[in-house]
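Structure assessment
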Amino acid sequence: MFRHCAGAGPFVSVPRALARLQFHEGFTFDDAVGVVDYYADLGISHLYASPILKARAGSTHGYDVVDCHQVNPELGGEPGLRRLVARLRERDMGLVIDIVPNHMGIGVDNAWWMDVLENGRDSPFANHFDIDWHAADPLVRGRVMLPLLGAPYAQVLASGDMALERVHGCYMLRVYDQHLPLCASSRERLGDEAAAQYDPGTEEGRARLHRLIEAQHYRLVFWKLASDIVNYRRFFDINGLAGLRVERTAVFEDTHALIFQLYAEGLIDGVRCDHVDGLADPRRYCRQLRHRLDTLRDRRPLDAPRGGAYVIVEKILAEDEPLHVDWRTDGTTGYEFMDQVSAVLHDEAGETPLTELWRDTTGDRADFATQAVRARRQILVDSFEAELDRTARALFASARADVVTRDVSFAAIRRVLIELLVHFPVYRTYAGGAGRGAFDEVVFARAIEGAARTIRMEDADLLALVGVWLGGEAPRSLPPGAARRSRERAIAIFQQATSPVAAKAVEDTAGYRYGRLLSRNEVGADAARMALSIEDFHRHVRERAQAHPHNLLATATHDHKRGEDLRARLAVLSEVSGSWVAQVEAWRERHAGLRRKADVRMAPAAPDELMLYQMLVGAWPLTLRWDDTPAVSAFVDRIAAWQGKALREAKRWTRWTSPNEQYEEACEAFLRDLLLGPGEFGRDIGAFAQSLAAAGAANGLGQMVLRLTTPGVPDLYQGTDYWDFSLVDPDNRRPVDFDARRASLAASPSVAEAMPSWRSGVLKQTILHRLLVCRSDHPLLFARGGYRPLTVEGPEADRVIAFERHDRGQRVVVLVARHTAGWLLDQDAPVIPPECWAGTRVGLPAGEYRCALTSRERAFHNDVASVAELLDGLTVAVWVGTAPARKGRKRAAQVSRLATNAT
């Protein structure tokens, strides 16, 4: 299992394949013990766990950690973790865990946070959290703003929802069902009759209670004011998640103490770092983390891998944006691969028809880039006013520190920042004391160019100056003192602000507004790009192999918007765009009478209706019959949950902060009338979905094979060993039927035996299993082997992705068919007749091969083979070279050497 390979750290123990599990009180460590054998038999080398530290009670995801020093008791605590690891070691497996360095869940179950509320800046944890103790508002300065109230402060005060109560003999402030601490000076003044004296039911008591509350180290406000005035850095716009200052060594050590202990004791073998772009200095953090883990290697037990820890970071890369090698990580969590492998399966011929359908139907001519700019502008106002203000004040302080720029106004700086953030083309830059690097300079040039088109003429000079302040000039070039410190602080705050603005605007707003083809609206993807050429796909793979050969490769995650096979089916629409356009236009005309007036508009509006049709076609279960009312009703419930979330995320006619229930209810009624009403739409949508099913399955198998054979570490998200037609969370975190998976794996069908019942998901599992076994049989080949695109010639050459992996005489040849709708539309199975490939050939080194999927053996003597013979009716093929051909062995060796040298 454990391979010591050169990489980000010395002798890194690289996983062969990961299986991601979502832990919560309904799926604990002991539950995971019960599936270790299944994953081991499947061919997985490491389990990959969601966060395991103590989170809020009932947390379903674990990213709201409240105690960094304790393994989550709801998951089984440390004893449960040890039982799981013991079972993993028995099966020669490892464990990688998700860690959350950027933020913590705050509230009454976080002792550090409660200490800050009680003691303010005197708390030993005051500097653990990223709190602005120097707020401009004197009522907030030196306090923590708490947006906990469900109504304006005066109203809550009068309602009795805030009152004094004794808890374990000590007076605390009850706010709804929470109890907040009082500062020491307040507690000292409270006697046995305090509850009556501070009774909010009387005018006098209410006045006393108000004065008491105003004396605390926190200020309670209406939750809707949070985005305007909150003074602690949040994870995105979530009030209950407060940013940590891990750039401070003491905070880094305190928050990671248990992680380091678990690694030293051999209980974990690697980490996935969540939201690394939220940190003040990601490079320093990653290098510090790698260094600390490396220092612990010699303390690990003998039964644990002694190589360096596997370290990956959650980082969304723009097209052609590199992950910095000097961070010393093994790579990212694979969003960029998920984008590329999806795009290469799309057909660019569908771009124009689908774009015109969207524009003509919705009346909105804006492309995705324009939608993203609009969303950024709205998000800044709706969700990040406080962060914008904080960034502007940091720059203002920097300006005031220099006599040359002392006359620059705060308002002007704020206007310039808005335009920069609106036009910022990536999630963030990484300027430090040395200023910006070459790639970041290009990014800033694009941002300034965009901002210059929309900024006030009077602010043009300041725009250029702000670009200099934010890293264009190295802070280290300034004399030591206030000016340099202010500049460095401004750069850090700005860079921490860009990533949440991008995420909320692009993923969670524009991605729900622009629905040309929803398979391209995914985390880490660029919805403006419909497709990717085979040549560009190969280029991305080679670049990743060179820089980060052990990068994680994902096609599904706990954060995805649509399941991997749902996206694969929707990709087929890019091939049959004409049929789709005609079908949608017919449906819209037929269903006009089902729309309802909600407020001042008809519901659903055209964009929402068009996206609904796509989701119904994409998510329709392979085995669902349109006349099975209970099953259809359950499907409708899932789609309705997605629809409600999508409508609010789009923020057009309803949103989370101001729900338009009339519009939402009308949209759901439309959905239910479509599928549960007296019409025949259920039959139509089911038939259309089934017509795409085989081609969609071909895409699904194709992306899985590419994930398992291109350079990197494949990640198997829970449940995706069968077909994955999940929706956005929480739908993508539903329980997995492991009993069915164990049974089908134990049956060990051949690919041919699994094909007749391919809709069950067993075919996908069978191919997955055989490829994982192949990786296990050839660990070094897949861990360090070269990657060489193979030449495909003939009339269908553009329908085949072909490449070779090779290492020291070993080789694997991979073929994946794409754009198969012309052959598989309305077919019963993802099987392509050999005659479809007539005249199409692929060049490959001569030799003897065995098919990893079917075990068929074949010798190729002429450095070329027909695609039909290699695929043998399937849409994917993986051939393992077993020996040079008996004739022409010298020529085969020469071809292999040339391929290796070329790579």
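Procedures and definitions
- Residues numbered from 1 in each chain as written.
- Predicted model: local features only at pLDDT ≥ 70, side-chain atom pairs only at ≥ 80, totals over all residues.
- Heavy atoms only, no water.
- Phe/Tyr/Trp six-rings, centres within 6.5 Å; stacked < 30°, edge-to-face > 60°.
- Buried < 20%, exposed > 50% of the residue type's maximum accessible area, 1.4 Å probe, protein only.
- Helix = DSSP H or I, 4+ residues; strand = E, 2+ residues; numbered from the N terminus.
- Lys NZ or Arg CZ within 6 Å of the ring centre and 35° of its normal.
- Contact = heavy atoms within 4.5 Å.
- Polar contact = N/O pair within 3.5 Å; in protein donor to acceptor, adjacent residues only side chain to side chain.
- 1 Å grid on protein atoms, 1.4 Å probe; cavity = no way out; pocket = protein on both sides within 12 Å on 5 of 7 lines; lining within 4 Å.
- Points joined across faces, edges and corners; volume = space filled by probe spheres on them.
- Nonpolar A, V, L, I, M, F, W, Y, C, P; charged D, E, K, R; others polar.
- Pairing = 2+ DSSP bridges.
- Axes fitted to C-alpha atoms, helices over the stretch in contact; angles between N-to-C directions.
- Core = buried A, V, L, I, M, F, W, Y, C linked by side-chain atoms within 4.5 Å.
- Expected span 1.5 Å × (residues − 1).
- pLDDT = per-residue confidence, 0-100.
- Lys, Arg positive; Asp, Glu negative; His and termini not counted.
- Salt bridge = Lys/Arg side-chain N within 4 Å of Asp/Glu carboxyl O.

This model, assessed by the stated rule, comprises 33 aromatic pairs. Ring geometry for Phe-23 versus Phe-29: centroids 5.3 Å apart, planes at 55°, classification tilted. Taken as a pair, Phe-23 and Phe-29 share a single burial class, namely buried. Plain terms: the ring middles of Trp-327 and Tyr-430 are 5.1 Å apart, the flat faces sit at 80° to each other, and that makes the pair edge-to-face. Placement of the pair is Trp-327 in the loop between strand 17 (310-313) and strand 18 (331-332) and Tyr-430 in the loop between helix 15 (410-422) and helix 16 (438-454), with a sequence separation of 103 residues. Across this residue pair, the class does not change: Trp-327 and Tyr-430 are buried. Here the aromatic cluster, defined as three or more aromatic residues joined through ring pairs, consists of Phe-23, Phe-27, Phe-29, Tyr-38, Tyr-39 and Phe-738. Lying across the ring of Tyr-263, Arg-300 places its NZ or CZ 4.1 Å from the centre.

A word on the environment of Asp-64. The topology assignment puts Asp-64 in the loop between strand 5 (53-55) and strand 6 (65-71). Contact partners of Asp-64, with chain neighbours within four places excluded, come to Ala-55, Arg-56, Ser-59, Gly-105 and Leu-241. A polar atom in the side chain of Asp-64 sits 2.8 Å from the side chain of Ser-59.

As a volume, the largest pocket reaches approximately 1500 Å³. Along the wall of the largest pocket there are 49 residues; nearest its centre are Phe-236, Asp-237, Ile-238, Lys-504 and Asp-508. Its residues assigned to classes, the lining of the largest pocket shows 15 nonpolar, 11 polar and 23 charged.

Pairing is antiparallel across the open sheet formed by 3 strands, whose spatial order is 8-15-14. The open sheet is flanked by strand 8 (103-105) and strand 14 (234-235), the only strands paired with a single partner. By the bridge criterion, 2 bridges tie strand 14 to strand 15 (residues 238-243) in an arrangement that is antiparallel. For Arg-234, the partnering residue across the bridge sits in strand 15 and is Ala-242.

To summarise the sheet geometry, strands pair through backbone hydrogen bonds and adopt either a parallel or an antiparallel arrangement. Judged by pairing direction, the sheet is antiparallel, and its 3 strands sit side by side in the order 10-11-12 without closing on themselves. The sheet is open, and its two borders are formed by strand 10 (162-167) and strand 12 (178-180), each paired with just one other strand. Going from strand to strand, the sheet's axes swing by 45° on average, the running direction of each strand aside. Where strand 11 (residues 170-175) meets strand 12, 3 bridges bridge the pair, whose relative direction is antiparallel. What sits directly across from Arg-174, in strand 12, is His-179.

The next thing to look at is the nonpolar core. Tyr-39 and Leu-675 are the most contacted members of the largest nonpolar core, which totals 267 residues. Counting residues per element, this core draws most heavily on helix 25 (residues 681-709), at 15 residues. Setting aside residues no more than four positions away along its own chain, Leu-675 makes contact with Leu-616, Trp-620, Val-632, Phe-635, Val-636, Phe-681, Gly-682 and Ile-685. Phe-236, Ile-316, Tyr-427 and Ala-502 belong to the second largest nonpolar core, which has 10 residues in total.

Bringing helix 23 (residues 629-650) into the picture now. With 22 residues, helix 23 should reach 32 Å at 1.5 Å per residue; the first-to-last C-alpha distance of 31 Å fits that figure. Once helix 23 finishes, Lys-651 follows within two positions and takes phi at roughly 60°, a positive value.

Attention now moves to the confidence of the model for the protein chain. In this model, the protein chain carries an average pLDDT of 94, and 97% of its residues clear a pLDDT of 70 or more. Note on residues 1-12: pLDDT under 50 across the span, and 51 contacts to partners over four residues away in sequence or across chains. In the predicted structure, residues 887-903 sits below a pLDDT of 50 and forms 17 contacts with residues beyond four places in sequence or in another chain.

So, on to unusual backbone geometry. Cis geometry marks the peptide bond from Ala-603 to Pro-604; its omega dihedral reads 0°. With an omega of 10°, the peptide bond between Asp-729 and Pro-730 qualifies as cis. The residue Pro-730 is located in the loop between strand 22 (713-717) and helix 26 (738-747) in this model. Even without being glycine, Asp-599 reaches a positive phi, approximately 65°. Within the fold, Asp-599 resides in the loop between strand 20 (596-598) and strand 21 (601-603). In the Ramachandran plot, Ser-748 falls in the positive-phi region, its phi being about 50° despite a non-glycine side chain.

Turning next to helix 20 (residues 564-571). Counting buried positions along helix 20 yields 8 of 8 residues, so the element is predominantly enclosed. For helix 20, every residue scored as buried is listed here: Glu-564, Asp-565, Leu-566, Arg-567, Ala-568, Arg-569, Leu-570 and Ala-571. Where helix 20 is buried, its residues touch helix 11 (335-343), helix 22 (606-619), helix 25 and helix 28 (762-777).

This part covers the side chain of Arg-569. With respect to the element layout, Arg-569 can be found in helix 20. Here Arg-569 sits buried without a salt bridge, and the closest side chain of opposite charge, Asp-565, lies 8.7 Å off (N-O distance). Residue contacts for Arg-569: discarding those within four places in its chain leaves Val-617, Gly-618, Ala-619, Trp-620, Leu-622, Ala-689, Leu-692, Ala-693, Gly-696 and Phe-725.

Now for the side chain of Asp-565. Tracing the sequence through the fold places Asp-565 in helix 20. A polar side-chain atom of Asp-565 sits 2.7 Å from a polar atom in the side chain of Lys-764. In contact with Asp-565, other than residues within four places in its own chain, are Gly-700, Gln-703, Tyr-722, Trp-723, Asp-724, Phe-725 and Lys-764.

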